[in-house]
Structure formats: structure tokens, C-alpha cells
Amino acid sequence: MRDALGSVQSVLVLGGNSEIAIAIVDRLVASRCKKVVLGVRSPASATTTLNRLRSAGVDADTIVFDALDHASHAQVIDAAAERIGDLDMVILAFGVLGEQSEFNASPVAAAEAARVNFVGAVSSGLAAAAKLRTQGHGTILAITSVAGVRARADNFVYGSTKAGMDAFAQGLGDSLIGSGARCVVVRPGFVHTRMTEGMKPAPFATTPDKIADAVINGLQKNKEIIWAPPIMSILFTVLRHLPRPIWRKISAG
Amino acid sequence: MPSTPPEPAASRAVPSSTELFGWGRTAPSGADVRRPTSPIELQRALPTSFQRGLIARGLGRSYGDAAQNAGGTVIETTDVAAFTIHESDPTSDTVLVTADAGASIDRLLHALVPQGLFVPVTPGTRYVTVGGAIAADIHGKNHHLKGSWCNHVESLHLQLADGSVVEVGPDLDSELFWATAGGMGLTGVILDATFRCPRIGSSQLVVDTDRAADLDAVCQLMRDGDHLYDYSVAWIDLMATGNNMGRSVLTRGRFASADEAAPKIGADPYVYKANELVSAPPFMPAGLLNNLSIRAFNELWFRKAPVERRDEIQSIPTFFHPLDMVRGWNRTYGPAGFLQWQFVIPFDATSTLTTIVDEISQSGCTSFLAVLKSFGEGNSGPLSFPAGGWTLALDIPTGIQGLGPLLDRLDDLVVGVGGRIYLAKDSRVRPELIPEMYPRLDEWREVRERVDPNRRIMSDLARRLGL
Ligand SMILES: Cc1cc2nc3c(=O)[nH]c(=O)nc-3n(C[C@H](O)[C@H](O)[C@H](O)COP(=O)(O)OP(=O)(O)OC[C@H]3O[C@@H](n4cnc5c(N)ncnc54)[C@H](O)[C@@H]3O)c2cc1C
Ligand SMILES: NC(=O)c1ccc[n+]([C@@H]2O[C@H](COP(=O)([O-])OP(=O)(O)OC[C@H]3O[C@@H](n4cnc5c(N)ncnc54)[C@H](OP(=O)(O)O)[C@@H]3O)[C@@H](O)[C@H]2O)c1
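Residues numbered from 1 in each chain as written. Chains lettered and ligands numbered in written order. Predicted model: local features only at pLDDT ≥ 70, side-chain atom pairs only at ≥ 80, totals over all residues. Heavy atoms only, no water.

Overview of the domain arrangement of chain B
For an interface, size is often stated in terms of accessible area lost upon the parts coming together.
Residues and elements named next belong to chain B.
Move 1: When its domains are assigned, chain B resolves into domain 1 (83–200) and domain 2 (204–431).
Move 2: On a C-alpha basis, the centroid separation for the pair domain 1 and domain 2 is 24 Å.
Move 3: Between domain 1 and domain 2, the contact holds 32 residues from the first and 36 residues from the second.
Move 4: For the pair domain 1 and domain 2, the two sides together bury roughly 3,000 Å², of which 61% comes from carbon and sulfur.
Move 5: Taking the shortest distance from any N to any O, the salt bridge between Asp324 and Arg126 comes out at 3.6 Å.
Move 6: By residue class, the composition of the side of domain 1 that touches domain 2 is 15 nonpolar, 14 polar and three charged. (Domains from an automatic or database assignment. Contact = heavy atoms within 4.5 Å. Buried area = accessible area lost by both parts, 1.4 Å probe. Salt bridge = Lys/Arg side-chain N within 4 Å of Asp/Glu carboxyl O. Nonpolar A, V, L, I, M, F, W, Y, C, P; charged D, E, K, R; others polar.)

Let's talk about the environment of Val146 of chain A
Residues and elements named next belong to chain A.
Move 1: Within the secondary structure, Val146 is located in the loop between strand 5 (138–143) and helix 6 (156–175).
Move 2: The spacing of Val146 and Leu12 is 134 residues in sequence and 24 Å in space, taken between C-alpha atoms.
Move 3: Ignoring any residue separated from it by four or fewer positions in sequence, one finds Val146 in contact with Arg187, Pro188, Gly189, Trp227, Met232 and Phe236. (Helix = DSSP H or I, 4+ residues; strand = E, 2+ residues; numbered from the N terminus.)

Structural notes on the side chain of Thr122 of chain B
Residue and element names in this part refer to chain B.
Move 1: Residue position: Thr122 is located in the loop between helix 2 (105–112) and helix 3 (130–135).
Move 2: A polar side-chain atom of Thr122 sits 2.7 Å from a polar atom in the side chain of His321.
Move 3: For Thr122, the residues in contact, after removing those within four places along its chain, are Ile105, His139, Gly140, Lys141, Phe320 and His321. (Polar contact = N/O pair within 3.5 Å; in protein donor to acceptor, adjacent residues only side chain to side chain.)

Concerning the site of ligand 1
Residue and element names in this part refer to chain B.
Move 1: The environment of ligand 1 is made up of 34 residues, and the closest members are Ala56, Gly58, Arg61, Ser62 and Thr129.
Move 2: One nitrogen or oxygen atom from the side chain of Ser62 is found 2.6 Å from an oxygen atom belonging to ligand 1.
Move 3: Met184 is positioned such that a nitrogen or oxygen atom in its backbone is 3.0 Å from an oxygen atom of ligand 1.
Move 4: Calculation on ligand 1 without its partners gives an accessible area of 960 Å², and the protein chains cover 96% of this total.
Move 5: Every element with two or more residues in the shell around ligand 1 is listed here: strand 3 (54–57), helix 3 and strand 9 (189–198).
Move 6: Considered class by class, the residues forming the shell around ligand 1 number 19 nonpolar, 12 polar and three charged. (Near = heavy atom within 4 Å. Areas by Shrake-Rupley, 256 points an atom, 1.4 Å probe, with all protein chains shown as cover.)

Considerations on helix 8 (residues 231–239) of chain A
All names here are of chain A.
Move 1: Turning to helix 8, its buried residues number three or more, namely Met232, Phe236 and Leu239. Buried residues of helix 8 fall within an arc of 55 degrees about the axis and therefore sit on the same side.
Move 2: Each element contacted by the buried residues of helix 8 is listed here: strand 7 (225–228) and helix 9 (244–251). (Buried < 20%, exposed > 50% of the residue type's maximum accessible area, 1.4 Å probe, protein only. Arc of directions from axis to C-beta.)

Considering the sheet that holds strand 2 (residues 29–34) of chain B
Residue and element names in this part refer to chain B.
Move 1: An order of 1-2-4-3 is seen for the four strands of this open sheet, with the pairing classed as mixed. Each end of this open sheet is capped by a strand with a single partner; those strands are strand 1 (18–20) and strand 3. Sheet twist, expressed as the mean angle between neighbouring strand axes with direction ignored, is 50 degrees.
Move 2: Examined bridge by bridge, strand 2 and strand 4 (residues 73–76) share three bridges and lie parallel to one another. Bridge pairing in strand 4 links Asp32 to Thr73. (Pairing = 2+ DSSP bridges. Axes fitted to C-alpha atoms, helices over the stretch in contact; angles between N-to-C directions.)

A closer look at the site of ligand 2
Residue and element names in this part refer to chain A.
Move 1: Taken together, 26 residues sit near ligand 2, with Arg41, Ala67, Tyr158, Val191 and Thr193 positioned nearest.
Move 2: One nitrogen or oxygen atom from the side chain of Asp66 is found 3.0 Å from a nitrogen atom belonging to ligand 2.
Move 3: A distance of 3.1 Å is found between an oxygen atom of ligand 2 and a backbone nitrogen or oxygen belonging to Gly95.
Move 4: Contributing elements (two or more residues each) for the shell around ligand 2: helix 1 (19–30) and helix 6.
Move 5: In the shell around ligand 2, the residues fall into 13 nonpolar, eight polar and five charged.

Observations regarding the pairing of strand 6 (residues 181–188) of chain A
Residue and element names in this part refer to chain A.
Move 1: In terms of burial, strand 6 is largely enclosed, as eight of its eight residues are buried.
Move 2: The alternating pattern of strand 6 places Ala181, Cys183, Val185 and Arg187 on one face and Arg182, Val184, Val186 and Pro188 on the opposite face, and all of these are buried.
Move 3: Both strand 5 and strand 6 contribute to a ladder of six bridges, which runs parallel. The residue bridging Ile143 from the neighbouring strand is Val186, located in strand 6.

Thoughts on the interface of chain B and chain A
Move 1: Each side of the interface is counted separately: chain B has 30 residues, and chain A has 22 residues.
Move 2: Buried area between chain B and chain A, both sides added, is near 1,900 Å², and the carbon and sulfur share of it is 48%.
Move 3: The interface formed by chain B and chain A holds three salt bridges in total.
Move 4: Between Arg52 of chain B and Asp86 of chain A there is a salt bridge, with the nearest N and O atoms lying 2.7 Å from each other.
Move 5: At the junction of chain B with chain A, the criterion picks out 16 residue pairs in polar contact (both at pLDDT 80 or more).

This is the structure:
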């Protein structure tokens with residue numbers, strides 16, 4: 001169960017190798033969380049995390065999860081609940097960034113990225129919501145991105161998949177009102193992880209740990225949308241309203 | 001035999017899932033909420049399928065998740081609220097009252113006080129039900145002399161998970177009775193109870209007030225003089241630091257005789273008026289109650305209290321239920337809600353009390369006036385909270401950074417000296433501390449195993465703490 005300070009006792013991570021998600025899980029485990037299931041494409045890839053969690057006394061396990069296998073998502077959720085009981089939290093952490101120039105050259109690759117980031121979030125998000133509704137409690141933590149707040153010419157495929165996911169997650173949250181379950185949106189800025197390796201950092205670039213701190217703080221304060229780092233909230237309130245010519249200039253970096 | 005009619009039976013259509021939270025407005029969960037309107041309906045409200053169990057709920061004044069049951073059934077008892085004041089020998093000190101579990105102390109008082117009677121124990125709010133009073137084995141300002149609510153219960157009817165109804169009492173399956181006393185609703189649904197109510201001389205109290213400069217001073221005053229008063233409690237300013245650390249206002253009193261009350265209220269010694277005066281606005285922006293505004297409030301309140309005042313005549317609402325004057329004051333904490341942390345530690349651990357008060361003051365964490373009281377001995381309930389010692393209760397907004405680790409540290413101090421926290425107030429304690437805080441937990445579990453082997457009676461609190 002969730003407690004008054006936003007701590008949970010069990011969590012399922014979809015995209016269980018995500019560095020951001022792992023930083024969040026570390027904090028959950030340091031508080032009240034005793035059960036973790038990592039949903040990953042290949043269980044072997046999560047061995048290090050699994051061992052670390054287990055040696056900290058956590059009941060941790062992996063489960064096969066592929067964001068592209070939409071038909072399997074309800075079963076994945078059920079299997080996780082079978083394994084650890086009530087799912088106090090489900091983190092949607094999977095995602096691919098891709099390269100806009102590649103997407104331009106290969107519309108099929110772009111569609112594939114959209115199938116992971118957006119369609120995968122839709123099918124797994126709804127499957128999770130159905131479970132949490134029956135439980136009468138639980139939090140879906142949907143990691144979207146500030147890239148979805150306003151699309152940029154140099155990564156608008158990624159940005160639009162995240163915009164779609166963000167709108168989906170907000171609507172999902174509203175649809176869950178009254179059920180005891182909820183959906184919280186996390187909007188990170190630029191984070192140094194495998195995903196952004198080798199890229200030029202955007203302003204206010206930060207680490208998975210900092211993102212996780214902002215998430216824990218937001219959960220404690222019962223926020224529906226968590227900007228991470230918090231400064232993103234102010235920054236993007238301004239950026240979102242800039243006239244397009246100016247936005248084009250700024251975002252071209 | 002004077003008795004009250006039940007509340008008009010309004011049949012309310014309920015959606016299949018309703019979100020419920022406790023008084024702190026944290027961690028809500030959805031449940032199928034049923035509101036029976038007659039004793040028969042109440043008994044039939046047990047669901048046929050127990051997928052996620054069932055729990056009874058009174059007026060939802062427990063702070064955390066005790067009266068919630070995520071994904072299961074919650075039976076709200078407040079529409080089944082009749083009670084009977086039994087005939088009695090006028091020379092007896094107490095009068096028996098039989099009340100449906102959904103009857104509130106508020107409604108009881110409106111009937112009892114005009115007849116020269118009072119409830120055996122009242123908490124800081126009169127908006128609690130008899131069922132909630134038993135399930136939390138509530139305590140009041142008279143605990144040092146009279147113990148907690150269940151000390152005054154003769155018998156009660158309990159509906160078990162299998163649908164059967166049993167009568168239990170201190171002399172009638174006392175094991176199950178005491179497991180129900182403080183058992184947080186987990187032994188079954190209490191249908192009604194018979195308890196002893198004391199006679200009073202008037203509806204007024206004779207109150208002495210003492211302002212104490214610090215924690216030591218207030219503890220000393222209580223140690224020296226509490227036995228002279230029927231009711232005693234201190235309000236303590238936990239935001240005061242340095243030399244002011246633990247400064248308090250101690251109010252103690254007893255019921256006035258008709259003669260003592262007459263100058264204030266006139267000929268009828270039992271006039272009783274208890275109304276909510278104002279409502280808190282339905283929506284409060286986050287952070288209105290911040291560190292500064294609360295600090296200023298506490299300061300003002302302390303300065304306003306007399307250094308020493310004797311024999312002041314106060315009404316029941318003023319003395320016992322000042323918070324009830326503002327309806328819905330719990331909303332003023334904003335969207336993140338708030339929690340209450342209440343513990344008891346033995347008298348010989350007074351230095352730990354000092355350490356805790358010191359830590360809270362130093363932390364700068366926002367807290368309205370907290371309540372400090374000295375408890376008398378506890379009773380036989382394995383999960384009953386009160387035990388001889390100091391109890392401190394404080395409200396804290398949940399948004400404060402570092403609050404979790406702070407309270408975890410303080411819990412450790414409490415456990416370290418054999419103390420415990422109050423389940424009716426809890427919304428965040430570490431489950432692994434419960435067996436240490438309640439060393440007779442296993443005894444209680446055996447009784448639960450006997451009456452509910454399939455764990456059909458279930459609450460969010462029970463899930464969270466693994467009771
Ligand atoms: C402002 C304020 C001041 C307070 N002051 C005090 C105080 O001084 N001393 C004190 O001891 N407490 C105090 N409390 C706490 C309060 O007295 C308890 O939480 C009490 O249990 C609330 O009663 P309720 O009817 O609201 O019950 P709920 O909050 O609805 O339920 C509390 C528990 O009782 C169980 N329960 C309720 N009805 C039944 C039933 N019919 N059968 C079985 N189980 C049932 C529920 O399952 C739950 O576990 C205070 C609370 C507030 C908000
Ligand atoms: N890093 C940033 O700057 C940033 C900014 C804003 C938002 N985000 C979002 O934050 C989330 C976490 O990202 P991160 O930074 O932690 O990156 P990360 O470490 O690369 O994590 C992304 C994860 O997604 C998984 N994944 C990719 N395709 C998948 C599929 N088809 N099925 C299942 N899992 C799949 C990957 O799993 P494998 O291990 O199997 O490859 C990887 O573990 C992502 O949604 C990302 O879009 C990141």
C-alpha cells in the first residue's frame with residue numbers, strides 16, 4: 001500500500017533497465033518498498049540490478065516485457081501481480097530516443113519508435129490501469145519528456161511520441177478519478193543516461209539521481225505532474241508560449 | 001425508556017467504486033461502499049464474494065487508512081445510529097446505554113447531557129462513532145483515572161466474517177472482546193454496544209489553566225497534580241526552540257456542580273449547545289498553512305494564555321472539542337494532506353520524551369499545537385494503544401521535506417524505550433516495528449485466526465502493516 005508520504009511497498013517497472021527508473025526504485029527500496037519486478041526484454045540484461053536489490057533484502061524478480069508486443073501487456077501485468085501481489089506502483093519507463101535524421105530516411109523506423117513510446121504506453125498503461133482499478137489503489141508513473149511539451153525540428157518524432165504519451169497519461173489519470181488508482185506524469189528534461197550518451201547536453205542537464213529525487217518529492221506532495229528537475233516547469237511554461245519563429249531559432253540550438 | 005429514533009433512512013445510490021480517505025486526506029483508495037439504513041440491512045451487508053474483503057467504517061476520523069479497503073467492500077455504519085438510555089437506580093454512579101455502532105458521540109451527547117449524563121470517554125472530536133470508539137479503544141483527557149473506552153463497555157454484538165453474530169464482553173468470550181477493543185475493526189463488524197455513562201453535576205466544567213515555560217515544567221505540573229483533576233491535557237508548542245522548547249499550556253478540570261455552573265448558565269444546569277460555527281473553505285491552495293503562519297499562530301496562542309487561572313467555568317465544547325467549531329478544518333492543509341504522529345512511552349523514559357520534543361523543534365518541521373498527556377495503566381486489549389506513560393500527538397503537513405526519515409528515526413526512539421504509536425492515527429509507520437510496539441500481536445492474531453481464518457475482514461491499514 002501507499003503511505004501518507006507517498007512511499008509504496010511494491011513496484012513493477014516496465015523498461016526495467018532504465019537508468020532513471022532504477023534510480024527511482026533505489027529510493028523506493030530505501031523507504032518502504034520490499035517487492036520489485038523488473039519488466040525487461042531480456043531477463044539476463046537485468047542481472048546486476050536484480051542481484052543488488054536482492055542482496056539488500058528486496059524480493060526482486062524479472063519478467064519478460066516487450067513494449068512492441070502489445071497483445072502480451074495484460075498478461076505481463078497479471079503475471080507480475082501473481083508474483084508480488086498488489087502492484088502499488090507501475091512505472092512506464094521504456095522508451096527509445098532514435099535519431100531524427102534516421103527517421104527522416106526511414107519512416108518505418110520512425111513508426112517503430114512510435115510503436116514503442118506511444119502505442120506501447122497505451123497498451124501497457126491501460127492494462128495496468130485495469131489491474132489497479134480492481135485493486136482499488138495504485139499509482140502509474142508515466143515517464144514522458146519535456147520534449148513532448150513542444151516538438152523540435154531535430155527530434156520531433158521522439159517529441160511527438162512523448163506528447164502523445166503525455167496526453168494519454170493525463171487522460172488516463174482523469175479517467176481513474178474515484179477508483180483509488182491514479183496516474184502521475186513525470187516530465188524529465190535532459191538526463192545523462194545510456195539514452196543520451198554522446199549527445200550535447202541541453203541546458204539544466206541532470207542525472208538520474210536528481211530526477212529520482214524530484215519524483216520522490218513530487219509523490220510525497222501528491223503532485224499529478226512532476227517536472228524534473230523542477231526548474232523545467234518554469235522553463236517550459238515560457239518556451240511553450242514563444243512565437244514559432246523564435247522557438248525555431250532557440251530549439252535549433 | 002427514553003430512546004432516540006434512528007436517523008431518517010435516506011437510501012443513497014452508490015456507485016460501485018467510491019474513493020475514501022482518512023482524516024489526514026492521504027493515500028485514498030476505492031471501494032464498494034455500502035450504507036445500510038437499518039440493523040437488519042447492516043447484518044445483510046456482508047458481501048457474498050470476499051475477493052478483497054470488507055471493513056466497517058464510522059465517521060472516518062481515524063487519520064490514516066484504517067477505515068478503507070482498496071478494491072473491497074466498506075460498510076458505513078452511520079445510518080444505523082439508534083441508542084437507548086436504560087432506566088437506572090438514581091443513586092448509581094453510572095447509567096447503561098446501548099447504542100448502535102453507527103451512533104456518534106455528538107448525537108449521544110445531545111441526548112445524554114440534558115439528562116445529567118456524559119460519555120465515559122471523549123476524544124478531541126465528538127464526531128466519532130461508538131464502533132470507531134471501540135475499534136480504536138479511544139482515550140480522552142480522563143485516561144489517567146478512567147482508562148480508555150473499552151474499560152466502560154459491558155458487552156457488544158459482533159458480526160463475524162462468516163455472518164454469525166456473537167455477543168462478547170469482559171466476561172463473555174473475553175479473548176474476542178479484548179481483541180476487538182483496539183482491534184481496528186479486524187475481528188468483525190461491531191453492531192451495537194452497551195456501556196456505562198457517568199452522571200455529571202452540570203454541563204459545565206471548572207477549569208484550571210497553567211502556562212508552563214518548558215517541557216520539564218509541564219511534566220512536573222502533571223506529575224504533581226494530575227491526580228487532583230478528572231480531566232487533564234497540555235497543549236505544547238513544538239515550534240518553540242531554545243529556552244522555550246516544549247512550552248505548554250496545561251488545562252485541567254472537572255464537571256461543575258449545578259451551583260457552580262448557575263452564575264454562567266442560569267437555572268438549567270444541563271443546557272447543552274454544540275454547533276459548528278464556521279466551515280473551512282472547500283478548496284485551499286497548497287502552502288497556506290506554512291511554517292511562518294503556523295509559527296505565528298503558536299506564538300499568539302501561547303502569549304494569550306494566562307500564566308495561571310483558577311476555577312474558570314467552561315462549556316463541554318470549549319473544554320473537550322474546540323476543533324469541532326470549524327467544520328472540515330482538515331482541508332486547510334491543502335492537496336498533500338497531513339498526518340498525525342502519536343506515541344506513548346513509559347514514564348521512566350522521560351528523557352526520551354525530551355529528546356523527541358527537541359528533535360521535532362530542531363527539525364523546524366511545521367506543527368500546530370501538539371497534545372501532551374500522561375496516561376494511566378493500559379487495559380487487556382493486545383492492540384489497545386494506551387499504556388502508562390507520556391503520550392504526545394502532533395499534526396504535520398505531509399509535504400515537508402525529510403519528514404519520512406525524521407519520523408522513522410523518532411519511531412526508533414519510541415520502540416527503543418518500549419513505546420508504541422497509535423494505529424488509529426498511523427499512516428506511515430514501518431510494518432516491521434509493529435510486533436515490537438505491540439508485543440502481544442501474536443495473541444491477537446490467534447484470535448483473528450479463530451474468527452476469520454480466511455481474512456475476509458480486511459483494511460488498507462491491515463495490508464500496509466501486515467497485521
Ligand atoms: C480532531 C480529532 C481528534 C481526535 N482525538 C482523539 C483522542 O483524543 N483520543 C483518541 O483516542 N482518538 C482521537 N481521535 C481519533 C478517533 O477517535 C479515532 O480514530 C476513532 O476511531 C474515530 O472513529 P470513527 O467513527 O470516525 O471511525 P473510523 O475512522 O471510521 O474508523 C476507525 C476504525 O474503527 C473501525 N470501525 C468503525 N466502526 C466499526 C464497527 N461498527 N465495527 C468494527 N470496526 C469499526 C474501522 O474499521 C477503523 O479501523 C481524534 C481524531 C480527530 C480527527
Ligand atoms: N534520458 C533523458 O534525457 C530522458 C529525458 C526525458 C525522458 N526520458 C524518458 O525516460 C525513460 C527512461 O529513459 P532512460 O533515460 O532511463 O533511458 P534508458 O536507460 O535507455 O532506458 C530506456 C529503457 O527502455 C527500454 N526499451 C526500449 N525499447 C523497449 C521495448 N521495445 N520493450 C521494452 N523495453 C524497451 C530499454 O530496455 P533495454 O535495456 O532492453 O534496451 C531501456 O532499458 C524513457 O521513456 C525516456 O524516453 C529520458
